Structures are given as C-alpha cells and as structure tokens.
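In case you want the letters, here they are:
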Amino acid sequence: MTSAPTTAPATPALGEGEKERLDAAVADLQTGTSVWTALTVAQRATLLRQVRTSVAATAEDWATIAAASKGLDARHPLRGEEWLSGPYSVLGALDASIATLTRIANGANPLDGIRVDRAPGGRARVHAFPLTGIDRFLLSGFTGEVWLEPGTTPNTARATAGLAQRTPTVSGGVGLVLGAGNVTSIPVLDVLYELLAHNRTALLKVNPTQDALVPVYKRALAPLIEPGLLRIVRGGPAAGAYLTQHPGIAHVHITGSAATFDTIVWGPSTGEGAAATKRRRRENRPLLKKPITAELGGVSPIIVVPGKWTAADLAYQAEHIATMRLQNSGHNCIAGQVVILSADWDQADDFRAELRRAYATAPERPIWYPGAPSRMQSAADDYPDALVLGDRLLVEIDADDDPSALENTEYFAPVLGVVSLPGTGQEFLDAAVAHANEKLQGTLGANLLIDPATEKALGSGFERALTALHYGSIAINGWTAFGFITPTLTWGAFPGGTIDDVGSGIGVVHNALLLDRVERSVLRGPFRPFPRSLPVANGGGRMTILPKPPWFASSRTGAAVSEGLTRHRADGGALGLVKTLLRALRA
C-alpha cells in the first residue's frame, strides 16, 4: 500500500536545528547496531514479546486516532478498517515473527512443520497460511502460498530461510524507512522487516498525514526505542531529502509513489534541477549512492472469469469488488481499479447492474488523502460519460473509449473502471491475463474471481494462466489486501524493478518466515460465503464459516467484528471471541 502518486515539489532548505536533530537520531541508531547484534535470536524473540505487549496496550488509541484522522467517528460503520489495517496487522506480524525467531533460537528451521512443495514452472512453493488452529477456524476457506523464483528447490528454500537471522552478529547498519501516509500499520511493519530481514536498526520518518499517530507509535514501539534500535521523526520532503543523502544511512526503504522514488534516486523532474536530473539519468549516475527498496503501488486488475453464477453470487462478488475499490476511500495502492469482464458472458449485463448497485450503495465516507479530489477530477475529464455515484466514479469503457488513462493512472481515489474482452473459458482467461500484464501499470497485486465449477473445468489451464500472471500478490476469490495483513505471506512487486524502471517497486516486506528469492504470494479464498459455502450448495468450492468477511464495506457488523478480532489477537479470551463470532454471523 502506498502514498498517492504525485509530482514532488521543489524541496525547501532544512534548518540547522532540524539537521542536528536528525543527525542525533542517526548517531543513536549507529550505536544501537551494536546493541542489536549483541542480542541472541532468543533475546530478540523476547524483545518482540515486549513490543507485542505495548502494541496491545495502545490498540484502542491507535484505531480511534487513525479513524478520526480519516473522518470516521465512533459510530461510522467502516471504522473497523482502522482496527484491521492498524494494530491487528502489527500484532499478527509480531506473533508470526516471534514464532520464526523461536524456531531459529531452538536450533530448528523457520520452515519446520510447514509444507513446501512444487509450484508450476519449477518453483518451490511454501504453504504459508494458515499455520495456527485459530486462523484455520476463524479464516476457514482461505489459504496462502509463497512461490519462490524459478529454479528454487524445496531444499534451497529451507536452507536459505531465516535471512539475516542466520547471521545475527552481522550488522546491516542503519536503515531509513520513509513511511506510508495511508495505512497505519505500514511504517511499523517496514521497521520490523529492517530489523529482522536485514539486521538494520531503523530511522522511521513518518509521513505528515500520520503525525497524529506519532505519540501512539512511540508508546507502542517503546521497547525498540529505549535500547536505540529505533528512532521516529517527523518531517516533510526536506527532512526526507536530507536523510536519504545522510552518510550514516546504509539503506533506504520507501512506501510511496514512483515520482517520489525517482526524485530520491535521480533528483527533481520539474523546476530547478530538472536538467541535471535528465543528465544523470542519461549518464546513469544516480543521485542516491546507496541501495534502495520500495513499494510503489500500481493499477490493480480484477479479472472476472465467466461462469454460471446464481443471483446471490452476482450480488456477493459485486460487493466484493466494491470493497476492493472503496476501502479506505480508495486511498490504497492495492485498491482494485480495473474490472476485466467477458463481453461474451451471458450474465455480463446482470453483473454490471449488481456492480453499479453495490458501488453506489456502499457507506459514504470522506475522501481524505491529499490530492485525491484533483485526481478524481482528472478521471472525470478523461471520461465525461462516467457514472457519478455520490462521491465516487464508475467508468465503463465502451468501444469508442480510450482506456489508456484508466489503465495507466493510479487514481488513489474512488474511481473504478470496467473493460471488456472477447471470449469465454480459457480463451478469455488467457486474454485477461495478457491484458493485465501488458496494459495495466504496475505489478503489485491482481485479483481473480472464478466459480468452483469453472475452475474445475479449466483444470491445468487455470494454473497455467495463474503462473503467467506476473504480479507480486495474487488473490483468487479474495482481495490481495488479505495477503497484506497476513504476515507469513510476502508483499511487494513482481521481481524485475530497477532504479531505471522501478514499476511497482523493488524487494518485498512482511515475509515473517524470512524466505529468500521470493517471486510472489498467492492467496486462495472461498467463492461463496456461509451458508452457501456448505458442500451441498457449493459445487466443490471451499468451505468457510464467514457469512461475509468483516472487511466487506457492506458488512453490517464489520466494525464490531474487526475490533473484536483485534482484541482477541491482543489478549485472547474465549468469551470475547464467542461474542465476536456471533456478531460475524449477523454480517
């Protein structure tokens, strides 16, 4: 998930007092590298347990402040988003990381007890979710796999799992984390990955949109701050520019936009200094002289494979797609943006009608991210016939329309598009995969909806098409945001990004199993909710106990269920979990 794509303005000068403050933070972290490398893996696991305790203690304040900063009051039906995408995600990541460190500390392999087999194309595949009984129960019907790069064997996967925790006394120096501005768990998850995957202490520069949460972050992460393993600073572009060039910083990680990435690596693309930037690019002399990783978003497809759907299927999956676009007001790099339909599907018109209904009737919420209104206006200008549904746009591409803007602009706002391709069955699926790969900007995440009977009929052709879909996160009958909050899956662009052509980014994060040579994560979910997921009615599909996932915008009890799941993740308790499950059944 990412901050909005914008052209970076000219960076103002940084005052001497600010420079001294940032220099002191870097110096503290350089000292902290000795503290971190002196800790055994077992001691690191103990430290993370302390972090878990402090995160749990701040969870309510975290979710409340995050919701308020986005214009969601205590009664808003979507406030549960901030529980799931904030403290719930971080607590899950801590639990999974503690489990990995504990295995290593006990002389075991991070993949012990976890199935590793072969994926299509000579890849190793790690069955990374679910790994606990409670996840198997609460999130029944969902599974997740991490596919490693072609040529990686299961033995190699096991031999390389652990990353920097295999050599805990070797420091990676100080890493700079330029935090995202849209989702509150991202900065914290990125800090954890710096420590665990790379043995780097971390300087977190919080995006100005998250300034209200800085006191919460400092309380939640106090066990890392006190020994000098983390420093948290505020600041705008000037602070970021100073830190990226700081000699005490060994590595930069950014969650943001490609424009910001290019400014960091090459310099400003507009205004004063643009000519020098062009010259540096031409001569391949980047301004940044240290390694950088990044997560930069993109335009995410939602491929709808035609089949024989019931009226309930049409309505449910339309609500699913509306959620993919409208969660967090569309201010997500992983928000589904382009629905790819079959023009020859005999239910296409019915599905379009359900999609219009679901998109129009989802709860209203503020458009809060800076620049979003102007990007929506740009979409309206490009597509004057778009449906204006309250505070959101639905762009249905006709034969006379040019889809280029829709397919190459990450609107980072509630703008959803629909394009049609000919064919049915395998012909359509192959064409849709090629269209997503070749026409849509970026490779971060792709979503694919297919009923059980159609998937079974396609057989090996379905897996072949899945393998050809070149995205870092793929969700089948799910939304890739589920993969984002699943810590044992990985998050990042499909491999291939470079500083010259960064696309959706370089490298991965999350990855609590600390896997090497990652290519993608694949999430698989149930096509139908409970009770239609029962075998007698489901045509061989996956069974789930969820009548509607709590992250659906249309869930009547989503806010209470999301809060309840987070509280259970924080402190357990059977009574609270039972109450949460009863609420979930009324979704």
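All of these numbers come straight from a predicted model, not from anything done at the bench.

Attention shifts here to the overall build of the protein chain. When you go through the protein chain residue by residue, the secondary structure sums to 22 helices and 19 strands. Its C-alpha atoms give the protein chain a radius of gyration of 23 Å, near enough to 25 Å, the size a compact globule of 587 residues would have. For the protein chain, the spread of C-alpha atoms along the principal axes amounts to about 65 × 55 × 50 Å. When burial is assessed residue by residue, the protein chain has 60% of its 587 residues classed as buried. Counting contacts in the protein chain only where the partners sit at least 6 residues apart, residues at least 24 apart contribute 79% of the total.

Read from one edge to the other, the open sheet built from eleven strands follows the order β1-β2-β3-β19-β15-β14-β9-β10-β13-β12-β11, with strand pairing classed as mixed. The two strands at the open ends of the sheet, each matched to only one other strand, are β1 (116–119) and β11 (387–389). The mean inter-strand angle of the sheet, taken between neighbouring strand axes irrespective of direction, is 25°. Both strand β3 (residues 143–148) and strand β19 (residues 518–524) contribute to a ladder of six bridges, which runs antiparallel. The residue bridging Val146 from the neighbouring strand is Ser521, located in β19. Contacts from helix α12 (residues 311–326) reach β9 (300–304), β10 (336–342), β12 (392–396), β13 (415–421) and β14 (445–449) within the one sheet, and its direction differs from that of β14 by about 170°. Across the sheet, helix α14 (residues 372–382) is in contact with β12 and β13; its angle to β12 comes to roughly 30°.

Turning our attention to the packing of α12 against helix α13 (residues 348–361). Interhelical geometry of α12 versus α13 gives an angle of 50° and a closest axis separation of 8 Å. Judged by the inter-axis angle, α12 sits oblique to α13. Of the two possible hands of crossing, α12 and α13 adopt the one that is right-handed. Contacts between α12 and α13 pair Leu314, Ala315, Gln317, Ala318, Glu319, Ile321, Ala322, Arg325 and Leu326 from the former with Asp350, Phe351, Glu354, Leu355, Arg357, Ala358 and Tyr359 from the latter. Taken together, the residues of the contact of α12 with α13 break down into ten nonpolar, one polar and five charged.

All of the buried residues along helix α11 (residues 274–283) are Ala274, Thr277 and Arg280. Seen end-on, α11 carries its buried residues on one side only, within an arc spanning 120°. The exposed set on the far side of α11, more than 90 degrees from its buried face, consists of Ala275, Lys278 and Arg282. Positive phi appears at Asn284, one or two residues downstream of α11, with a value of about 55°.

On the surface, a cluster of nonpolar side chains totalling about 630 Å² of accessible area is made up of Phe530, Leu534, Val536, Met543, Val578, Leu582 and Leu585. Within the secondary structure, Val536 sits in helix α20 (residues 535–538).

Let us look at the environment of Asp381. On the secondary structure map, Asp381 appears in helix α14. For the pair Asp381 and Thr153, spaced 228 residues apart in the sequence, the C-alpha separation amounts to 50 Å.

As a further point, take the pairing of β13. Of all seven residues in β13, six are buried; the element is thus mostly enclosed. With five bridges joining them, β10 and β13 adopt parallel strand pairing. Note that in β13 the partner of Ser342 across the bridge is Leu421. Two strands pair when backbone bridges link them, and β12 and β13 are joined in this way by four bridges, in the parallel orientation. If you follow Leu393 over to β13, its bridge partner there is Val415.

With that settled, the discussion passes to the packing of aromatic side chains. One pass over the structure, following the stated rule, counts 13 aromatic pairs. When the ring of Phe484 is compared with that of Trp491, the centres are 5.3 Å apart and the planes differ by 80°; the resulting orientation is edge-to-face. Residue classification places Trp491 among the buried residues on the basis of a relative accessible area of 2%. Counting every residue linked through ring pairs, the aromatic cluster contains Phe129, Phe142, Phe482 and Trp551. For Arg44, the ring lying beneath its charged end belongs to Trp36, and the centroid distance is 4.1 Å.

Ordered by their spatial adjacency, six strands build an open sheet running β6-β5-β4-β7-β8-β17, and the pairing between neighbours is mixed. Of all strands in the sheet, those with a lone pairing partner are β6 (230–233) and β17 (505–506), marking the two edges. Looking at chain direction, strand β7 (residues 251–255) and strand β8 (residues 292–295) are connected through four bridges and run parallel. Residue pairing for β8: Val252 is matched across the bridge by Ile292.

Turning our attention to the pairing of strand β15 (residues 473–476). Neither face of β15 is exposed, since Ser473 and Ala475 on one face and Ile474 and Ile476 on the opposite face are all buried. Bridge count for β14 against β15 is four bridges, and the pairing is parallel. Within β15, the residue paired with Ala446 across the bridge is Ile474. Of the strand pairs in this sheet, β15 and β19 are connected by four bridges, and their pairing is parallel. Pairing of Ile474 across the sheet is with Val522, part of β19.

What follows is about the confidence of the model for the protein chain. Per-residue confidence for the protein chain gives a mean pLDDT of 95, with 98% of residues at or over 70. The model gives residues 5–9 a pLDDT under 50, and that stretch makes 13 contacts with residues more than four places away or in other chains.

Criteria and cut-off values
- Residues numbered from 1 in each chain as written.
- Predicted model: local features only at pLDDT ≥ 70, side-chain atom pairs only at ≥ 80, totals over all residues.
- Heavy atoms only, no water.
- Helix = DSSP H or I, 4+ residues; strand = E, 2+ residues; numbered from the N terminus.
- Rg over C-alpha atoms; globule rule 2.2 N^0.38 Å.
- Buried < 20%, exposed > 50% of the residue type's maximum accessible area, 1.4 Å probe, protein only.
- Contact = heavy atoms within 4.5 Å.
- Pairing = 2+ DSSP bridges.
- Axes fitted to C-alpha atoms, helices over the stretch in contact; angles between N-to-C directions.
- Parallel < 35°, antiparallel > 145°, perpendicular 65-115°, else oblique.
- Left-handed = near helix turned anticlockwise from the far one by under 90°.
- Nonpolar A, V, L, I, M, F, W, Y, C, P; charged D, E, K, R; others polar.
- Arc of directions from axis to C-beta.
- Patch = residues over 30% accessible without salt bridge, like charges linked within 9 Å, V, L, I, M, F, W, Y side chains within 5 Å.
- Areas by Shrake-Rupley, 256 points an atom, 1.4 Å probe, with all protein chains shown as cover.
- Salt bridge = Lys/Arg side-chain N within 4 Å of Asp/Glu carboxyl O.
- Phe/Tyr/Trp six-rings, centres within 6.5 Å; stacked < 30°, edge-to-face > 60°.
- Lys NZ or Arg CZ within 6 Å of the ring centre and 35° of its normal.
- pLDDT = per-residue confidence, 0-100.

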